[in-house]
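Each chain is listed here by its residues.
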Amino acid sequence: MHYINLERKQQPDSPLELRWTGKARTVVSAAVCAGEQIILADWSANVTALDADTGKKQWSTRAEEGIIEQLFLFDGLVWALDLKGNLNGYEMATGQCRASYPLTPQSWGLRHADGHIYFIERVDRSWSTRRGRAVRLDLRSGERAVFAEGLFDTENGYRNNTVLLHKEGTVLFFLMPDIVKFDMASGALLQRWNIPQCRALSGLIAFGDSLLGITDVEKPTLSGWRVGTAEYLTHNPNPLLVITPTQTLGYPLVANGVYDYTTGAICLGEGRYLLEAGEWLFLYGSDAGQCALQSLGPLPNRRGWGNRSAGLFKVEDTILIFQRQERVHSEDEGYYLQAYEYVVEAQTVRPLGLPLKTNPHGRNYRGASIDQFDRGFLLRADARYHYLTWTNKD
């Protein structure tokens, strides 16, 4: 197999250029771009600032426990939530902790907007508790507001407790089996979508006036059942879910668990969108007031459990799709990323260069996650990380 080894600083044969690469002590779980810095957090509780141009370390500090939630910026600080429930704000120039709020250790799904964070927490500190709260915290005053309580998923973990900042000052929470929408300022309940028998929801995103996610229902044999005006067309446990202002659409996916799958949406113009869910691509649009969901099929090279999408991105006028690929029991075993370009006119994808080897194969290793910072892409591959930029070369 021919490939590009990023750990050996080999340059991709594509419009992507490797700028720098590095390695942390454990899994790099989150990243955020702050001007000329890229700040990382990992499972070993390290928060590290790197020069975005060179990758050189500028400072590093430690939280009390590992960090698995996304980082965010507010009031000149980079904020990180550790597994002990400490929400700390670190000065971006020095890494000094300048602010801190105690949350429960089981607080997940942090989203930030206008000096507030929105998240889901357990009602007490017991890991057996299945009830959660939808919470808003004011980062200026520390004032808390509880929007709702409900059941949440204890089996599949933190990543399925979804919080989504929606448009026009609203926030969505997933508390089994409902998606509920609240006004950010007042906490007033605006809308509720009931998803019967849904025990997990992955990758909830907004596009246009609609929502996209992947659900995991408990009974895999349901087909063509209705809830009000909502119709689900599914024959397996992981249906694609599209909620529009007037109806709910579904589409079957072949998947091995909901929580490892990404979703994405890119506007193609005139109300048409390219959707990505797991390893499948879809076209979505409306015609004469009726919404349509057209399958374009899965990505190529689906063989192997580890081969799945790593995200849908747009840089300038190019739509990129990255696919994780796994190789085992061979000389070139490891984890790879294959970049594809979506060709709008042909409604198909074409590969961009050779696969990129991001990290070795082994116990506890997994494929890369991707953060886009304008023209730059940070590949977080367990303890390895690689920064590439889009160069426009043919």
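Just above, that's the structure.
Summarised in this report is the structure supplied together with it. (Residues numbered from 1 in each chain as written. Predicted model: local features only at pLDDT ≥ 70, side-chain atom pairs only at ≥ 80, totals over all residues. Heavy atoms only, no water.)

### What about the side chain of Gln325?
Let me state the cut-off plainly: The numbering of helices and of strands both runs from the N terminus, where a helix is a DSSP run of H or I of at least 4 residues and a strand a run of E of at least 2. Distance and chemistry together define a polar contact, namely a pair of N or O atoms within 3.5 Å, with one atom able to donate a hydrogen and the other to accept it when in protein, and with adjacent residues in sequence counting only for side-chain atoms on both sides.
Among the structural elements, Gln325 can be located in strand β30 (residues 318-327). One polar contact links Gln325 to Gln323, side chain to side chain, over a distance of 2.9 Å. Polar contacts involving the side chain of Gln325 include one to the side chain of Arg327, which spans 3.1 Å.

### A closer look at the pairing of strand β26 (residues 272-277)
Here is the rule we go by: Working definition: with a 1.4 Å probe on protein chains only, accessible area under 20% of the residue-type maximum means buried, over 50% means exposed, and in between means partly exposed. Strands qualify as paired when DSSP identifies two bridges or more between them.
Counting buried positions over the six residues of β26 gives five, a clear majority of the element. Taken together, strand β25 (residues 263-269) and the strand that follows it, β26, pair antiparallel across an intervening segment of two residues, in which Glu270 is found at a positive phi of about 55°.

### A few points about the sheet that holds strand β8 (residues 77-81)
Our working rule: All axes here are fitted lines through C-alpha atoms, helices being fitted over the stretch that makes contact, and every angle between N-to-C directions spans 0 to 180 degrees.
Here four strands make up an open sheet; going across it, the order is β7-β8-β9-β10 and the pairing antiparallel. Looking along the sheet, the strands with just one partner apiece sit at the ends: β7 (72-74) and β10 (97-102). Each adjacent strand pair in this sheet contributes to an overall mean axis angle of 25°, direction not counted. Relative to β10, strand β9 (residues 86-91) runs antiparallel, the two sharing five bridges.

### Considerations on the sheet that holds strand β34 (residues 369-373)
Spatial strand order, β2-β36-β35-β34: four strands in an open sheet with antiparallel pairing. If you trace the sheet from one side to the other, it starts and ends with β2 (16-23) and β34, each paired once. On average, each strand axis in the sheet is inclined to that of its neighbour by 20°, with strand direction left out of account. Note: strand β35 (residues 376-381) against strand β36 (residues 384-390), six bridges, orientation antiparallel. Looking at the pairing, Phe377 lines up with Leu388 of β36.

### Let's talk about the pairing of β36
For β36, the buried fraction is high: seven of the seven residues fall into the buried class. Here β36 shows no split at all, with Arg384, His386, Leu388 and Trp390 on one side and Tyr385, Tyr387 and Thr389 on the other all buried. Taken together, β35 and the strand that follows it, β36, pair antiparallel across an intervening segment of two residues, in which Asp382 is found at a positive phi of about 55°.

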